[in-house]
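As a plain string of letters, each chain reads:
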Amino acid sequence: PKVTGSPAVGSHKFKATIAMGAQSINLTGATEVKSEGGDLVMMDTLTTPMGEVKDRVTLDPATLAVKTRNVEQGPMKMQIAFADKATGTMTVNGQERKVDAQLGGPLFADGAGSIYAIAALPLADGYSTTFRNFDVQKQKEKIMALKVVGAESVTVGAGSFDAWKVEVTSAEGGAEKQTIWITKQDKRPVKVVAVNPAMGG
């Protein structure tokens with residue numbers, strides 16, 4: 001999709017809760033956006049009871065297409081470059097697995113800071129688009145569908161905001177779903193609710 005803005009350089013802190021049935025886990029994190037060597041770099045750092053998770057992507061500053069993605073989480077490391085193909089390595093507990101998959105086009109809003117890339121779209125009532133992500137486990141691209149489903153006032157720790165309510169789902173079916181509230185005034189994501197099928201919903 002064509003973007004009409006660019007994420008603001010700076011650091012954005014957040015709090016999160018993972019709810020699994022009656023159990024919940026509280027997390028803290030930050031997204032850092034910076035310019036580096038002609039690229040836009042976004043890095044998510046998430047502090048969890050199981051340790052720190054770091055996810056870093058480099059983006060084309062004009063299109064926000066994903067160029068590289070690096071993830072570190074304990075014994076798991078992933079380094080992938082994206083062009084016509086996805087190429088790289090995924091290492092778990094010392095076992096290295098090659099990543100080599102054909103892509104049908106550029107990736108968008110995949111990995112660190114993805115909600116800030118979505119906030120750079122020309123959001124308006126009824127706006128919709130599709131874009132590509134990459135499924136690392138299946139080593140293939142997947143198509144995501146995005147739609148602005150309305151406008152709402154949302155209250156979070158930082159205050160109350162008039163926001164666009166944006167839903168992102170798999171265009172190929174499945175329970176995967178993300179709802180994002182993005183402020184109308186300064187195009188800032190302030191709340192996200194996501195369903196993760198890999199964690200049992």
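Structure shown above.
Predicted model only: the values in this text are computed from it and were never measured.

S.K.: Teacher, can you tell me more about the packing of aromatic side chains here?
M.R.: Aromatic ring pairs are defined here through the distance separating the ring centres and the angle between the ring planes. Under the counting rule described, the total for this entry stands at two aromatic pairs. Taking 5.8 Å as the distance between ring centres and 65° as the angle between the ring planes, the aromatic pair formed by Phe82 and Phe134 counts as edge-to-face. Taken together, the positions of Phe82 in strand β6 (residues 76–82) and Phe134 in strand β9 (residues 128–135) put the pair 52 residues apart, joining distant regions of the chain. According to the relative accessible area criterion, Phe134 is buried, its value standing at 4%. Plain terms: the ring middles of Phe108 and Phe131 are 5.5 Å apart, the flat faces sit at 70° to each other, and that makes the pair edge-to-face. Of this pair, Phe108 sits in the loop between β8 (95–102) and α1 (114–119) while Phe131 sits in strand β9, placing them 23 residues apart in sequence. Residue Phe108 shares its accessibility class with Phe131, and that shared class is buried. Lys191 extends its terminal NZ or CZ atom over the ring of Trp181, reaching a point 4.9 Å from the ring centre.

S.K.: Would you mind going over the environment of Val71 with me for this structure?
M.R.: Take Val71: it is sitting in strand β5 (residues 66–73). As a C-alpha pair, Val71 and Ala145 span 74 residues in sequence and 24 Å in three-dimensional space. Apart from the residues lying within four places of it in its own chain, the contact partners of Val71 are Lys54, Asp55, Met76, Lys77 and Met78.

S.K.: Please clarify how the layout of surface pockets should be interpreted in this entry.
M.R.: Any empty space left between the atoms is revealed when a probe the size of a water molecule rolls over them. In this structure, the second largest pocket spans a volume of roughly 210 Å³. Lining the second largest pocket we find Asp135, Lys138, Lys140, Glu141, Lys142, Ser170, Glu172, Gly173, Gly174, Ala175, Glu176 and Pro197. Per element, the largest residue contribution to the lining of the second largest pocket is three residues, and it comes from strand β10 (residues 140–156). Of the residues belonging to the lining of the second largest pocket, the class tally is two nonpolar, three polar and seven charged.

S.K.: Teacher, can you tell me more about the side chain of Thr179 here?
M.R.: Of note, Thr179 is situated in strand β12 (residues 177–183). By relative accessible area, which is 9% here, Thr179 ends up buried. Ignoring sequence-local partners within four residues, the contact set of Thr179 consists of Lys165, Val166, Glu167, Lys191, Val192 and Val193.

S.K.: Teacher, can you tell me more about the sheet that holds β10 here?
M.R.: Either a parallel or an antiparallel arrangement is found when strands of a sheet pair, and the pairing is made through backbone hydrogen bonds. Spatially, the five strands line up as an open sheet ordered β9-β10-β11-β12-β13, and their pairing is antiparallel. Each edge of the sheet is formed by a strand with only one pairing partner; in this case those strands are β9 and β13 (189–195). On average, adjacent strands in this sheet sit at an angle of 30° to one another, irrespective of strand direction. Sheet topology note: the strand β11 (residues 159–170)/β12 ladder contains seven bridges and is antiparallel. By the bridge assignment, Thr169 is partnered in β12 with Lys177.

S.K.: Honestly, unusual backbone geometry in this entry has me stumped. Any pointers?
M.R.: Note: most residues except glycine have negative phi, and most peptide bonds are trans. Even without a glycine there, the phi angle at Leu64 is positive, about 65°. Here Leu64 is to be found in the loop between β4 (51–59) and β5. Look at Leu64 and you get buried, because its relative accessible area is 0%. Backbone geometry at Asn93 places phi at a positive 50°, although glycine is not the residue there. Position of Asn93 relative to the elements: it lies in the loop between β7 (85–92) and β8.

S.K.: Please clarify how the sheet that holds strand β2 (residues 23–36) should be interpreted in this entry.
M.R.: With respect to topology, eight strands assemble into an open sheet ordered β1-β2-β3-β4-β5-β6-β7-β8, the strand pairing being antiparallel. Edge strands, defined here as strands with exactly one partner in the open sheet, are β1 (10–20) and β8. With direction set aside, neighbouring strand axes in the sheet form an average angle of 15°. As judged from the 11 bridges shared by β1 and β2, these two strands associate in the antiparallel manner. Among the inter-strand pairings, His12 is bridged to a residue of β2, identified as Thr31.

Rules used in this analysis
- Residues numbered from 1 in each chain as written.
- Predicted model: local features only at pLDDT ≥ 70, side-chain atom pairs only at ≥ 80, totals over all residues.
- Heavy atoms only, no water.
- Phe/Tyr/Trp six-rings, centres within 6.5 Å; stacked < 30°, edge-to-face > 60°.
- Helix = DSSP H or I, 4+ residues; strand = E, 2+ residues; numbered from the N terminus.
- Buried < 20%, exposed > 50% of the residue type's maximum accessible area, 1.4 Å probe, protein only.
- Lys NZ or Arg CZ within 6 Å of the ring centre and 35° of its normal.
- Contact = heavy atoms within 4.5 Å.
- 1 Å grid on protein atoms, 1.4 Å probe; cavity = no way out; pocket = protein on both sides within 12 Å on 5 of 7 lines; lining within 4 Å.
- Points joined across faces, edges and corners; volume = space filled by probe spheres on them.
- Nonpolar A, V, L, I, M, F, W, Y, C, P; charged D, E, K, R; others polar.
- Pairing = 2+ DSSP bridges.
- Axes fitted to C-alpha atoms, helices over the stretch in contact; angles between N-to-C directions.

As far as function goes, none of this settles anything; it's purely spatial.
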